[in-house]
Amino acid sequence: MNIIRYHKPETWNPFDRLENLREEVNRLFEGSLPGWGGGLLSGWNPTLDITEDKENVYVKAELPGMKKEEIDLSLHDNVLTLSGERRQEKREGEGKAIREERVFGRFQRNVALPAPVNSEGVKAVYRDGLLTVELPKAEEAKPKQIEVNID
Amino acid sequence: MSTLTKSEKPASDTQAWAVPRVAIHESADGYCLNLEMPGVNKEGLEVTVENHELTILGHRSDPNLPGEPVYRESRPVDYRRVFELDPSIDTGRITARIEHGIVSLGLPKAESVKPRKIAVTE
């Protein structure tokens with residue numbers, strides 16, 4: 001059974017150590033307190049990053065182990081809603097679980113976008129367990145250069 | 001920290017790693033590990049076995065999002081996790097694959113340790 005032992009990452013950066021400790025503690029609470037730190041619907045929520053440039057808003061979500069058909073994406077009142085369900089796949093001859101840190105079930109995240117976007121032309125790609133969404137900004141949200149003539 | 005005290009390479013000690021979540025299943029034939037490594041593809045995955053230690057390294061290949069950051073939850077670091085292998089595992093037959101950010105490892109048990117039915121003779 002000593003397959004389950006592992007080294008904690010060795011690092012000299014105390015803040016990274018704290019970060020790892022925080023993750024470990026978060027993991028402790030997951031499962032025992034469903035919904036704690038997450039939505040009402042489930043015990044897990046995908047990690048999100050948001051950026052923007054002049055033309056677009058970009059959203060990236062970590063959704064490892066899903067199929068793209070299981071991911072729902074919708075846009076309403078400039079709020080992007082990401083939802084779906086990650087199912088635990090039962091494989092033939094997989095045996096009994098001796099360690100389970102992965103979380104399964106439904107998730108939902110609502111993202112209030114930092115600028116008005118045009119719902120036409122939203123692009124989403126799912127690759128290597130990451131969902132990347134590109135949302136073009138509405139014309140009125142784009143910065144405009146105004147020519148002022150000075151006499 | 002476990003009783004394992006093998007010294008790590010100093011170069012990697014200064015680097016920060018994310019610890020991927022794992023699920024481990026055990027059957028009569030062996031162990032099955034599934035690790036979550038979003039952003040890692042086949043080229044970025046390194047699995048090594050040395051002295052009954054299994055090291056799984058995942059180098060993220062996803063590019064940073066363009067533009068200015070508005071909100072960030074992810075950590076832009078690679079993944080690493082080390083397991084001590086039970087001596088019953090046949091390290092020559094370990095298999096690894098990656099799909100949708102999930103690394104799946106098969107660790108078969110050596111034939112000699114599998115349960116066997118012994119025929120009873122008079």
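Criteria and cut-off values
Residues numbered from 1 in each chain as written. Chains lettered and ligands numbered in written order. Predicted model: local features only at pLDDT ≥ 70, side-chain atom pairs only at ≥ 80, totals over all residues. Helix = DSSP H or I, 4+ residues; strand = E, 2+ residues; numbered from the N terminus. Buried ≥ 20, exposed ≤ 12 C-beta atoms within 10 Å, placed from the backbone. Contact = placed C-beta atoms within 7 Å. pLDDT = per-residue confidence, 0-100.

Structural notes on the overall build of chain B
Within chain B, the secondary structure is distributed over 1 helix and 8 strands. Reading the helices (α) and strands (β) of chain B from amino to carboxyl end gives α-β-β-β-β-β-β-β-β. Of all 122 residues assigned to chain B, the portion counted as buried reaches 31%. Pairs at least 24 residues apart make up 54% of the contacts formed inside chain B by residues separated by at least 6 positions.

Quick look at the confidence of the model for chain B
All names here are of chain B. Here chain B shows a mean pLDDT of 86. Residues at 70 or above account for 89%. In the predicted structure, residues 1–11 sits below a pLDDT of 50 and forms 8 contacts with residues beyond four places in sequence or in another chain. Note on the complex model: pTM 0.74, ipTM 0.78.

Focus: unusual backbone geometry
The phi torsion at Asp 77 of chain A lies on the positive side, around 50°, for a residue other than glycine. Along the chain, Asp 77 of chain A falls in the loop between strand 3 (71–76) and strand 4 (79–86). With phi around 60°, His 52 of chain B is a residue other than glycine that occupies positive phi space. As for its placement among the helices and strands, His 52 of chain B is situated in the loop between strand 3 (45–50) and strand 4 (53–58). By the C-beta count within 10 Å, which is 14 here, His 52 of chain B ends up partly exposed.

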